[in-house]
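Below, each chain spelled out in residue letters.
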Number of protein chains: 2
Amino acid sequence: MTIYDIAEKAGVSASTVSRIINNKPGVKAETREKIKKLLEEYNYTPDENARGLVKKATKLIGILLADIRNDHHSALAYVVERKLREYGYCSIILNAGYEPEMMVESIQVLEQRKVEGIILVGSTFQNAVVEKKLKESMLNIPVVLANGHLDLPNVYGILVDEISGVRQLVELLYAKGKRNIAFIASLGTLSSYRKLQGYEEGLKKYNLLEQKVIIEVGMEKEAGYTGCKKLLERYPYIDGIICAEDLMAVGAIRFLNESNIKIPEQIAVSGINNSIYGESCYPSITTLDNKMPETGLMAAETLIESLNGIDRPHKIMLFPTIIEREST
Amino acid sequence: MTIYDIAEKAGVSASTVSRIINNKPGVKAETREKIKKLLEEYNYTPDENARGLVKKATKLIGILLADIRNDHHSALAYVVERKLREYGYCSIILNAGYEPEMMVESIQVLEQRKVEGIILVGSTFQNAVVEKKLKESMLNIPVVLANGHLDLPNVYGILVDEISGVRQLVELLYAKGKRNIAFIASLGTLSSYRKLQGYEEGLKKYNLLEQKVIIEVGMEKEAGYTGCKKLLERYPYIDGIICAEDLMAVGAIRFLNESNIKIPEQIAVSGINNSIYGESCYPSITTLDNKMPETGLMAAETLIESLNGIDRPHKIMLFPTIIEREST
DNA sequence: TTGTACGCGTTATCAA
DNA sequence: TTGATAACGCGTACAA
């Protein structure tokens, strides 16, 4: 069912039908009613792609994330999709994986679809390969990088200040009387180094830098468990642990539970990222609210403003807050 | 950059460029090379939407789920998106919410985008309002309903046999010596009734139907905790609990932990759905693997086959398996 | 081997 | 108030 079909049935031209669909003036009320009825009857819906062709506006936005199953990413993507839809945009969500090559491939898909803007979710997109690709084929559309930053004229970065966040966690543990605070993390991503920096800054504030204990672990599920085990074998005097991810904290707590170590009396534990694990764990985990919904909202708004020709600051910083629970 | 621009630069016609892009024969090797170089140089990418217009094939698929943040949904959607992309399809993922009206609205978006097929994720889409909408405007494209079924010629249902799954859980608890097995659930969805049926069938097998104890709870996070509390106040002799969702089991286990009740010695607990909570809980939770990735794969394959004109059974059943952990 | 002409579904411009 | 026509970017039948 096209406007031509409708036009034929109504005995008018396609342009008239188009006018009515787009609520344009200059149509006799009578004709308007007649055609509106026909549109209803055949429940006609305009082809948004054909529309995009002539209007040079596909109303399509690409959302790239490493993995939709990751709850941080999906929490952010959810807000973005909803918000953009309010403004009439349709989102193409792609799992771009953790390899720069796959990211580039995904960007290519968005390029073919002629998206009007892109949202990259996660600091993993902040890499040279992606930057190069964006520079060579995405210079004329706005790109928002959630939790990262790229120095390109059309790229906006929304960042969460993980440094200050983790510093606050150190402060919290210090306030609880803990003086031997360890940090368990899987180093490698930019995000992890920012957290590390926050840890060190926190220690420095209390002249505890020499007590610094960092346990580097892998990305596997049991990392928190094995990391905590290793930690206590080497540094049995530890009384506070900051884990770079809630899931690690879950593993650490499991080890402490099994070892009959009292949480938080003997050892206080904190996670980071306010994931679903924190609340369900026993004891529940103190964590850092990483403001994913807020970041998503900010990302969506920034993109829309840019699409409307309004320029915003190219680097926006949000501040995480501590969610204190039983584990501290 | 269009094929015309490239054609002009090469001094040939647009059709020749088109032939090369689509690897069609009948082009002099020399011309082919020359134009290929130009395509590279200007890194031309065809407009997939314009292509869709003329080929009457958008290569677009719609994935509707209630909420991308729900880990069952995203686990399924992940597989589907990845698989469809392998076949050159691009996915439009929409959060359609839990209200039928919002679902219809989302279907409308897909209609405008002229998607070639739809995947509905979750039994919540199995309702009269959605069925009506599909019947009136989506009759000519294949629709796959993951975890549900609708009796329409173009709708395929992939189902997970929750009934047999929960029955197996009852059998497991029975084998562990438990004879007073309760069921905590938030009734209302089709899925929840299937689980309930499995519970009852399991009890019936051992002539325990009269010991049936059902605690109905809400959808809130603390449902498992409060439900378990209520359960033990009224039925203190209970020695086995099946929770309709892992998250409920987490809450229940928290209550049992706080009450110093030994798991599984005094009370064994099982969840359902194999979510991330189960493994991280202490003790870890026995649960039902609801085969989300497998369902997703099956859904994607069914859709693709149907798109290729191959008919498949309209109702496919997958069978969940028990993942036994510490809580039983 | 290559080019011309047309159509896909829509909107925009201009003329009637 | 309405209609004819061109254009968006592409693929394809047919002609050259």
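This text follows the structure it describes.
What comes next is a walk through the structure. (Residues numbered from 1 in each chain as written. Chains lettered and ligands numbered in written order. Predicted model: local features only at pLDDT ≥ 70, side-chain atom pairs only at ≥ 80, totals over all residues. Heavy atoms only, no water.)

Here's the deal with the interface of chain A and chain B
At the junction of the two partners, chain A supplies 54 residues and chain B supplies 54 residues. Both sides together, the interface formed by chain A and chain B hides about 4,900 Å², and carbon and sulfur atoms give 52% of it. The interface formed by chain A and chain B contains four salt bridges. Its salt-bridge partner being Glu 279 of chain B, residue Lys 221 of chain A comes within 3.2 Å of it at the nearest N-O pair. The tally of links from chain A across to chain B stands at 22 residue pairs in polar contact (both at pLDDT 80 or more). (Contact = heavy atoms within 4.5 Å. Buried area = accessible area lost by both parts, 1.4 Å probe. Salt bridge = Lys/Arg side-chain N within 4 Å of Asp/Glu carboxyl O. Polar contact = N/O pair within 3.5 Å; in protein donor to acceptor, adjacent residues only side chain to side chain.)

A closer look at the side chain of Ser 192 of chain A
All names here are of chain A. Assignment of secondary structure puts Ser 192 in helix α9 (residues 190-205). On the accessibility criterion, Ser 192 (4% relative accessible area) is buried. From its side chain, Ser 192 meets the backbone nitrogen of Gly 188 in a polar contact 3.1 Å long. Separated by 2.5 Å, the side chain of Ser 192 and the backbone oxygen of Thr 189 make a polar contact. Those residues within four positions of Ser 192 in sequence are excluded, and the remaining contacts are Ser 186 and Leu 187. (Helix = DSSP H or I, 4+ residues; strand = E, 2+ residues; numbered from the N terminus. Buried < 20%, exposed > 50% of the residue type's maximum accessible area, 1.4 Å probe, protein only.)

Some points on unusual backbone geometry
Cis peptide bonds are those with omega within 30 degrees of zero, and the linkage from Ile 263 of chain A to Pro 264 of chain A qualifies with 5°. Structurally, the position occupied by Pro 264 of chain A is in the loop between α11 (246-258) and β9 (268-270). Of note, the amide linkage connecting Tyr 282 of chain A to Pro 283 of chain A takes the cis form, showing an omega dihedral of -5°. With respect to the helices and strands, the residue Pro 283 of chain A is situated in the loop between α12 (276-280) and β10 (287-289). Positive phi values are uncommon outside glycine, yet Asn 207 of chain A reaches one of about 55°. Turning to its location among the elements, Asn 207 of chain A is positioned in the loop between α9 and β7 (213-216). What makes Asn 207 of chain A exposed here is its relative accessible area of 69%. In this structure, Asn 43 of chain B takes a positive phi of about 20° despite not being glycine.

Quick notes on the packing of aromatic side chains
The geometry of an aromatic ring pair is captured by two quantities: the separation of the ring centres and the angle between the planes. In total, this model carries eight aromatic pairs over all chains according to the counting rule given. Each ring, one from Tyr 225 of chain B and one from Phe 255 of chain B, has its centre 5.5 Å from the other, and the planes form 90°; the classification is edge-to-face. Residue Tyr 225 of chain B is found in helix α10 (residues 223-234), and its partner Phe 255 of chain B is found in helix α11 (residues 246-258); the two are separated by 30 residues along the sequence. Residue class for Tyr 225 of chain B comes out partly exposed when judged on its relative accessible area of 25%. Between the aromatic rings of Tyr 235 of chain B and Tyr 237 of chain B, the centroid separation amounts to 6.2 Å while the plane-to-plane angle is 90°, which identifies the pairing as edge-to-face. A relative accessible area of 26% means that Tyr 235 of chain B is categorised as partly exposed. The ring of Tyr 89 of chain A has Lys 59 of chain A lying over it, and the distance from NZ or CZ to the ring centre is 4.1 Å. (Phe/Tyr/Trp six-rings, centres within 6.5 Å; stacked < 30°, edge-to-face > 60°. Lys NZ or Arg CZ within 6 Å of the ring centre and 35° of its normal.)

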